[in-house]
Amino acid sequence: MNMAGYRIMSLIQSVFILFAAVSVLDAADNIGMNTAFFGGSASFWWSPFAFWAYCFAIVAILQIVKAFTVDDKN
């Protein structure tokens, strides 16, 4: 993998980690992000906890892809 692909995947990971962090910080709905994303209703598949899990899963998958596609340069 070239460095451009690595940077893009790292940037995507950073965005998802940032969204998860802001959502965790907004657990009391002080910022309004969770209200905007989830409204007044939440289900098993779409709630703040499910959103955090989706973000963590995406970051983990991208980490695995990076681990297997980055070439060592000697």
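These notes cover the structure that comes with them. Everything numeric here is computed off the predicted structure, so don't read it as measured data. (Residues numbered from 1 in each chain as written. Predicted model: local features only at pLDDT ≥ 70, side-chain atom pairs only at ≥ 80, totals over all residues. Heavy atoms only, no water.)

### Focus on the packing of aromatic side chains
Centre-to-centre distance and the angle between the planes together describe a pair of aromatic rings.
Phase 1: For the coordinates displayed, the defined rule picks out seven aromatic pairs.
Phase 2: Ring centres of Phe-38 and Trp-46 lie 5.0 Å apart, and the angle between their planes is 50 degrees; this geometry places the pair in the tilted category.
Phase 3: What makes Phe-38 buried here is its relative accessible area of 6%.
Phase 4: Judged by centre distance (4.9 Å) and plane angle (85 degrees), the rings of Phe-49 and Trp-52 are edge-to-face. Note that Phe-49 and Trp-52 are positioned in helix H3 (residues 48-69) at a spacing of three residues, about one turn of the helix.
Phase 5: Classification of Phe-49 as exposed rests on a relative accessible area of 62%.
Phase 6: On the basis of relative accessible area, Trp-52 is assigned to the buried category, the value being 14%.
Phase 7: Over the ring of Tyr-6 we find Lys-66; its NZ or CZ atom is 4.5 Å from the centre of that ring. (Phe/Tyr/Trp six-rings, centres within 6.5 Å; stacked < 30°, edge-to-face > 60°. Buried < 20%, exposed > 50% of the residue type's maximum accessible area, 1.4 Å probe, protein only. Helix = DSSP H or I, 4+ residues; strand = E, 2+ residues; numbered from the N terminus. Lys NZ or Arg CZ within 6 Å of the ring centre and 35° of its normal.)

### Comments concerning the side chain of Asp-26
Phase 1: Topologically, Asp-26 is positioned in the loop between helix H1 (3-25) and helix H2 (33-38).
Phase 2: No salt bridge is formed by the buried Asp-26; the nearest opposite charge belongs to Lys-66, separated by 27 Å.
Phase 3: Residues within four places of Asp-26 in sequence aside, it is in contact with Ile-31, Gly-32, Met-33 and Asn-34. (Lys, Arg positive; Asp, Glu negative; His and termini not counted. Salt bridge = Lys/Arg side-chain N within 4 Å of Asp/Glu carboxyl O. Contact = heavy atoms within 4.5 Å.)

### Re the packing of H1 against H3
Phase 1: Between H1 and H3, the least distance of the axes is 9 Å, while the angle of their chain directions is 160 degrees. Considering the angle they form, H1 stands roughly antiparallel to H3. As for the relative orientation of H1 and H3, their crossing is left-handed in sense. For the pair formed by H1 and H3, the contact residues are Tyr-6, Met-9, Ser-10, Ile-12, Gln-13, Phe-16, Ile-17, Phe-19, Ala-20, Ser-23 and Val-24 on the first element and Phe-51, Trp-52, Cys-55, Phe-56, Ile-58, Val-59, Leu-62, Gln-63, Val-65, Lys-66 and Thr-69 on the second.
Phase 2: A class-by-class count of the residues in the contact of H1 with H3 yields 16 nonpolar, five polar and one charged. (Axes fitted to C-alpha atoms, helices over the stretch in contact; angles between N-to-C directions. Parallel < 35°, antiparallel > 145°, perpendicular 65-115°, else oblique. Left-handed = near helix turned anticlockwise from the far one by under 90°. Nonpolar A, V, L, I, M, F, W, Y, C, P; charged D, E, K, R; others polar.)

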